[in-house]
Amino acid sequence: MLSHFISVLAAALLGSGEPTLKRYEFTEPHMGTRFRIVLYAPDQDTARKAAADAFARIASLNAIMSDYDNTSELMRLCAQAGGPPVPVSAELFFVLSKAQEVSRQSGGAFDVTVGPVVKLWRLARKRHKLPDPDKLAAARALVGWQNVRLDQAKRTVQLLKTGMQLDLGGIAKGYAADEALAVLQKHGIDRALVAAGGDIAVSGPPPETDGWKIAIATLPGEKDPGRLILHHAAVSTSGDAEQFVEIDGKRYSHIIDPRTGIGLLGRMSVTVVARRGIDADSLTKVVAVLGPEKGIPLVESCQGAGVRMVRQKGEEWETIISKNFPKLHPVEK
Ligand code: ADP
Ligand code: MG
């Protein structure tokens, strides 16, 4: 009460506590999607420099983690699969450590070693033909998070089987959004949003507001559930809305069950809110693969995290919301 009174008084004496902040927006293509940065800064020069630095950080993370670029650090690591431990960058080690933690907790529902299987499904999407069973079996034999050995002290990674391929497509964008916010913070910008497609991270709220208003992508015919209002948080949505393949009337998601090597069936969308993008992004796959019954307790064991899942039930959509999922606010007309 007293401190509130003092800050009100101080603001009154000084005119306004903060310099007037203006909204700036920037977009650039990175990591196979569009990254959008919305930030509040005192002037255009500050805004531009900060955004340019944040995009440069995202580009450098892509050079580490891309699986489309054979020269990325990740691909160079995979080229040594079956060999001795390989020293890696702090960034790659951090993301792989988090990935291993989520794999362990989820019993392998999230598993970045799905690379060889993901590659076959990407081909299936292009050709509208299911992966060849023999090739799929061979790819599945290379999947298993237990075959990744991390040595924290030496900061090395060892991939135990020749042919292993890591795929960070289910975690890298959330991490990149976190890192972009950190760069903006270094420039003194603490009210910002970074969106990488369905992976969003936000710092402080826009001036005079309670938070960033964020819509959740809906499935066809689903009623708009309203807006999240968030600050210092991350939200990721993942599902089969955009990336899927339909073969013989069955719709396979780009999310793979690492235990079967098959793209998930049945329409669904999973939204996780967490403190950090790296958590929100990876946890969506956990709930998609395990389902809400087993997935929700895992999400809620991550501090500050909650999940909303919509899945097909006959002709209807079934919505399941965990208790820590933030309130959804009605859309203003
Ligand atoms: P995006 O953010 O690009 O929409 P998602 O966050 O939905 O992607 O993650 C899906 C991607 O994660 C897939 O394209 C694939 O690269 C990878 N992936 C698929 N299944 C799994 C899984 N079970 N565990 C970890 N990564 C996965
Ligand atoms: Mg994602």
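Residues numbered from 1 in each chain as written. Chains lettered and ligands numbered in written order. Predicted model: local features only at pLDDT ≥ 70, side-chain atom pairs only at ≥ 80, totals over all residues. Heavy atoms only, no water.

Examining the sheet that holds strand β13 (residues 262–265)
Read from one edge to the other, the open sheet built from three strands follows the order β11-β12-β13, with strand pairing classed as antiparallel. Edge positions in the open sheet fall to β11 (244–247) and β13, since each of these has one partner strand only. Averaged over all pairs of adjacent strands, the angle between strand axes in this sheet comes to 50 degrees, irrespective of strand direction. Two strands pair when backbone bridges link them, and β11 and strand β12 (residues 250–257) are joined in this way by four bridges, in the antiparallel orientation. When the bridges of β12 are listed, Glu246 appears paired with Arg251. (Pairing = 2+ DSSP bridges. Helix = DSSP H or I, 4+ residues; strand = E, 2+ residues; numbered from the N terminus. Axes fitted to C-alpha atoms, helices over the stretch in contact; angles between N-to-C directions.)

Some remarks on the environment of Ala99
Relative to the elements of secondary structure, Ala99 occurs in helix α4 (residues 90–106). Overall, Ala99 belongs to the buried group, its relative accessible area being 0%. For the pair Ala99 and Ala59, spaced 40 residues apart in sequence, the C-alpha to C-alpha distance is 21 Å. Every residue in contact with Ala99, bar those within four places of it in the chain, is listed here: Phe110, Val112 and Ile171. (Buried < 20%, exposed > 50% of the residue type's maximum accessible area, 1.4 Å probe, protein only. Contact = heavy atoms within 4.5 Å.)

A short note on the domain arrangement of the chain
With domains assigned, the chain is organised as domain 1 (21–67 + 169–207), domain 2 (79–159) and domain 3 (210–333). Computed over C-alpha atoms, the centres of domain 2 and domain 3 are 23 Å apart. Contacts between the two partners involve 23 residues from domain 2 and, on the opposite side, 22 residues from domain 3. Around 1900 Å² of area is buried between domain 2 and domain 3 when both sides are counted, 72% of it from carbon and sulfur atoms. Together, Ala109, Trp121 and Arg125 form the three largest contributors to the area buried by domain 2 at its contact with domain 3, with a combined 32%. Scanning the region where domain 2 abuts domain 3 turns up one salt bridge. For the interface between domain 2 and domain 3, the tally reads four residue pairs in polar contact (both at pLDDT 80 or more). Put simply, the parts of the chain that give the side of domain 2 that touches domain 3 at least two residues each are α4, α5 (115–127) and α6 (133–140). For the side of domain 2 that touches domain 3, the element with the highest residue contribution is α4, accounting for six residues. Its residues assigned to classes, the side of domain 2 that touches domain 3 comprises 13 nonpolar, five polar and five charged. (Domains from an automatic or database assignment. Buried area = accessible area lost by both parts, 1.4 Å probe. Salt bridge = Lys/Arg side-chain N within 4 Å of Asp/Glu carboxyl O. Polar contact = N/O pair within 3.5 Å; in protein donor to acceptor, adjacent residues only side chain to side chain. Nonpolar A, V, L, I, M, F, W, Y, C, P; charged D, E, K, R; others polar.)

Some thoughts on helix α7 (residues 172–186)
Its 15 residues give α7 an end-to-end C-alpha distance of 21 Å, which sits within 8% of 21 Å, the value for a rise of 1.5 Å per residue. Most of α7 is tucked away, with eleven of its 15 residues classed as buried. Among the residues of α7, those classed as buried are Ala172, Gly174, Tyr175, Ala176, Ala177, Asp178, Glu179, Ala180, Leu181, Val183 and Leu184. Where α7 is buried, its residues meet β2 (33–41), α2 (44–65), α4, β6 (192–196), β7 (199–202) and α8 (277–300). Gly188 sits one or two positions beyond α7 and adopts a positive phi of about 85 degrees. (Expected span 1.5 Å × (residues − 1).)

With respect to the packing of aromatic side chains
In total, this model carries three aromatic pairs according to the counting rule given. Note on Phe94 and Tyr175: the rings are 5.5 Å apart at their centroids and 40 degrees apart in plane angle, and the pair reads as tilted. Remark: Tyr175 occurs in helix α7 and Phe94 occurs in helix α4; sequence separation between them is 81 residues. On the basis of relative accessible area, Tyr175 is assigned to the buried category, the value being 5%. Centre to centre, the rings of Trp121 and Tyr252 are 5.1 Å apart; their planes meet at 45 degrees, and the pair counts as tilted. With Trp121 in helix α5 and Tyr252 in strand β12, this pair connects stretches of sequence that are 131 residues apart. The ring of Phe244 carries Arg251 above its face, with NZ or CZ at 3.4 Å from the centroid. (Phe/Tyr/Trp six-rings, centres within 6.5 Å; stacked < 30°, edge-to-face > 60°. Lys NZ or Arg CZ within 6 Å of the ring centre and 35° of its normal.)

Observations concerning the coordination of the magnesium ion (ligand 2)
Donor atoms from the polypeptide that bind the magnesium ion (ligand 2) are Asp199 (OD) and Asp281 (OD), placed at 2.3 to 2.4 Å. With Asp199 in strand β7 and Asp281 in helix α8, this residue pair connects regions lying 82 residues apart in the sequence. Just as Asp199 is buried, Asp281 falls in that class too. (Donors = N, O, S within 2.8 Å, 3.2 Å for Na, K, Ca; no water.)

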